Structure formats: C-alpha cells, structure tokens
Amino acid sequence: MSPTGLSGAGLGFRRELIPDLKSGVPECVDFFELAPENWVGMGGRSAKDLRHFTERYPFVCHGLSLDLGGPRPLDTALLRKIKGFMRTHGMTLYTEHLSWCGDDGHLYDLLPIPCTADAVKWVAGRIRQAQDLLEMRIGIENASYYVAPPGAEMNEVEFIRAVIEEADCLLHLDVNNMYVNSRNFGFDPLAFMAALPLERTCYLHMAGHYVEPDGILVDTHGAGVIDPVWQLLDAAYARVGPLPTCLERDFNIPALDELAREVGQIAAAQARFTLTFMVSKPTPVP
C-alpha cells in the first residue's frame, strides 16, 4: 500500500467517459485520477458529476501547471484552491511533474530543468513551500523530455534523487516516461530505475506513446501501452511492490471496455507481485 493509503489500479478521469462510467465503473478500477486545474471552481453539472464519483471512489490529484522548476513565484493561490478542493472531495495524494512550464505566462508544455546544484536547491525549496501549504508530502513525477538542457552538473537520475532528498518529498514513478527517455537518449531504463530513491515511491503511471518517423518516441498518452513498458512495470513492482498505479489516456480515447482491459492488466500485474512483496517488503519512508 502507498504511504497515502491508496491502493489498486486506477484510470484517468475524463469528461468523455462520464456517461459510460455512470452506467457502470469496471470492477478493475479502484480509483480515479484528475488534473485539479481542470476541475477547481467548476459548478453546475460538472461539479455534480464529479461529486457523484468522489463519493464512491478515491481520487488522486495530478497537477499540470505548478511550474516547480520555473522562475516565477510559486502559484500559492492555485495551491490554496487545490487544498480546499482536495479536502472537499477527500483526496489524500497530490503529485506534480519535475519540470517547468511557465515564464511570463503558461507555456503549455512540460520542459526539462537543468541538472545543476542550484536547480536542486531552487526546485526543492518550491516543493517544500508547496508541501507546507498543502500540509502533506507530495509526489514528484519523473518527466519525459526531448532536449537535454545545457550545463548539466549531474545526470537525470542523480538530479531526481537530489531534489527528492533535499525536499523530503515522495516519488511518483512514471514507467512510460522512463521508457521514452531511455529510448530517446540511449540509456538502460532498469539501471535508471535502480538508481532512483525507490523507497520514496508512492504512486505509478502507465501510458502509451507515439513513435515519430525518425524513431523519436513522444509521450502522448494517446495509444495503448506496449509490451516493453508492461515489462518495465513488472520490474518496478519487483522493487517497490504493487503500489497504486494509474492508466493515463488523454487523446484518441477508446471505448471504456478497451481502457478497462489495460487497467485490468495493471491489476493482474499487481496481483502477481502482492504475495512476493508481502514476504519481503522494504521499510516505508515515515
């Protein structure tokens, strides 16, 4: 079980899916995930629809625009709204990307942070500020990226570890992002994963990606999960146990039964590792 008390296999909560979900949530779905920016302050039917599900299922907040690596002051007004939103709906986990997405305005993309000691201190300070305001530890997701920023003083996994240790936060492990980056930049995803502070893991993501004609992988969340990513999930469960894992699907959204098959595949992988992990599980971070 995650440090947050969440467990099982989850599905990204999309408005397009609400009519079908009202007819019946697949048995394999234990929880849902949403981007709070898309729901905070919503009224009318949207608010009623959301409440219908949050009264029946756990939800995770996965942020898109906190801009942890950006130069602007942290958006404390947004965080206060998210805090109230989470309390209203009984949500216990908030995660964000280890990236930056703003300058004079929102850039609508998740960009990589230079892997420097100064950046570690800057980002960790902003994470601590967010945690103090939310009154909880938050999970930081390893992000996909397509250009490595210049001036690196450490590699990506060293940077992630340094930020998490400095901020005293949790790790949100995105399995597809590891795979995408490993293919695009030519490293071993298993070695990368082994070097992460896995004892801090609270939550996992699974998703599909797109392969460009030149072979570059793009993390689109718009396709089914491929076999090598499923195999990487098994490797992750072997190390951290069957922690709560959400299927992301943001584009080319198929019928609910097709999504349920992938969520069911996550649940099946979790079941395979449950007994093994119960015999010899690592000590969780207090």
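It should be noted that the structure appears before, not after, this text.
Residues numbered from 1 in each chain as written. Predicted model: local features only at pLDDT ≥ 70, side-chain atom pairs only at ≥ 80, totals over all residues. Heavy atoms only, no water.

Visitor: Before we move on, could you go through helix α2 (residues 44–54) and cite the residues and values that matter?
Guide: Inspection of α2 places Asp 49, Leu 50, Phe 53 and Thr 54 among the buried residues, and these make up the whole buried set. Buried positions in α2, seen along its axis, are confined to an arc of 130 degrees and lie on one side of it. Facing away from the buried side of α2 by more than 90 degrees, the exposed set consists of Gly 44, Arg 45 and Lys 48. Against α1 (18–23), β2 (31–34), β3 (59–62) and α3 (76–89) lie the buried residues of α2. (Buried < 20%, exposed > 50% of the residue type's maximum accessible area, 1.4 Å probe, protein only. Helix = DSSP H or I, 4+ residues; strand = E, 2+ residues; numbered from the N terminus. Arc of directions from axis to C-beta. Contact = heavy atoms within 4.5 Å.)

Visitor: Which residues make up the sheet that holds strand β9 (residues 201–206), and what values do they have?
Guide: Around the barrel, which closes on itself, the eight strands sit in the order β1-β2-β3-β4-β7-β8-β9-β12 with parallel pairing between neighbours. Taking each pair of neighbouring strands and ignoring which way they run, the sheet shows an average axis angle of 30 degrees. Looking at chain direction, β3 and strand β4 (residues 94–97) are connected through two bridges and run parallel. When the sheet's bridge partners are listed, His 62 is paired in β4 with Thr 95. Helix α8 (residues 227–240) rests against β8 (170–174), β9 and β12 (245–247) of the sheet, and its axis sits at about 170 degrees to β9. (Pairing = 2+ DSSP bridges. Axes fitted to C-alpha atoms, helices over the stretch in contact; angles between N-to-C directions.)

Visitor: Describe helix α4 (residues 117–134), with residues and values.
Guide: Since there are 3.6 residues in each turn of an α-helix, residues three or four apart along the chain are aligned in direction. For α4, which comprises 18 residues, the first-to-last C-alpha distance of 26 Å matches the rise-based estimate of 26 Å (1.5 Å per residue) to within 8%. Of the residues making up α4, those classed as buried are Ala 119, Val 120, Val 123, Ala 124, Arg 126, Ile 127, Ala 130, Gln 131, Leu 133 and Leu 134. Elements that come into contact with the buried residues of α4 comprise α3, β4, β7 (139–141) and α5 (156–167). Positive phi shows up at Glu 135, right after α4, with a value of about 60 degrees. (Expected span 1.5 Å × (residues − 1).)

Visitor: So what's going on with the pairing of strand β1 (residues 9–12)? Residues and values would help.
Guide: Of the two faces of β1, both are covered, the one formed by Ala 9 and Leu 11 as well as the one formed by Gly 10 and Gly 12. Relative to β12, β1 runs parallel, the two being bridged by three bridges. Along β12, the bridge assignment pairs Leu 11 with Leu 247. Here β1 pairs with β2 via three bridges, running parallel. Looking at β2, one finds that Gly 12 is bridged to Glu 33.

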